[in-house]
Amino acid sequence: MDSAPAVSPAHRSWIAITAKTVVVLQVLAIVYMLTSVWVAVAVAAGFTLVVLAVRSLSRASDKVDQIFTEELHRP
């Protein structure tokens with residue numbers, strides 16, 4: 001079976017235009033995402049939440065270690 005006749009020059013033009021359009025739209029979306037204030041605010045809020053969660057879990061871990069040390073070393 002020969003697939004060469006299935007790809008004619010008429011079909012290649014709209015495929016190329018569609019592919020180029022998709023690439024251009026994706027580049028524009030990436031530029032928008034990198035320059036958007038709302039995206040920056042959301043990333044900063046997410047980063048702040050992660051930092052606060054790590055800090056509170058670290059404090060809780062230290063407190064549990066302290067409690068275990070006090071309770072297990074009693075005579």
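Worth saying up front: this structure is predicted, and the values here are computed from it rather than measured. (Residues numbered from 1 in each chain as written. Predicted model: local features only at pLDDT ≥ 70, side-chain atom pairs only at ≥ 80, totals over all residues. Heavy atoms only, no water.)

### So, the overall build of the chain
Alright, step 1. If you tally the helices and strands in the chain, you get two helices and zero strands.
Alright, step 2. The buried share of the chain, reckoned over its 75 residues, is 1%. (Helix = DSSP H or I, 4+ residues; strand = E, 2+ residues; numbered from the N terminus. Buried < 20%, exposed > 50% of the residue type's maximum accessible area, 1.4 Å probe, protein only.)

### Side note on helix 2 (residues 37-72)
Alright, step 1. Taking 1.5 Å of rise per residue, 36 residues should cover 52 Å, and helix 2 covers 52 Å from first to last C-alpha, within 8% of that figure.
Alright, step 2. Two or three places before Trp38, at the start of helix 2, stands the capping residue Ser36, its side-chain oxygen 3.3 Å from that residue's backbone nitrogen. (Expected span 1.5 Å × (residues − 1). Polar contact = N/O pair within 3.5 Å; in protein donor to acceptor, adjacent residues only side chain to side chain.)

### Thoughts on a nonpolar patch on the surface
Alright, step 1. A cluster of nonpolar side chains, Val23, Val27 and Val31, forms an exposed patch at the surface whose accessible area comes to about 240 Å².
Alright, step 2. Residue position: Val23 is located in helix 1 (residues 9-35). (Patch = residues over 30% accessible without salt bridge, like charges linked within 9 Å, V, L, I, M, F, W, Y side chains within 5 Å. Areas by Shrake-Rupley, 256 points an atom, 1.4 Å probe, with all protein chains shown as cover. Salt bridge = Lys/Arg side-chain N within 4 Å of Asp/Glu carboxyl O.)

### Digging into the side chain of Ser36
Alright, step 1. Here Ser36 lies in the loop between helix 1 and helix 2.
Alright, step 2. What makes Ser36 buried here is its relative accessible area of 8%.
Alright, step 3. Among the polar contacts listed, one links the side chain of Ser36 to the backbone nitrogen of Trp38, at a separation of 3.3 Å.

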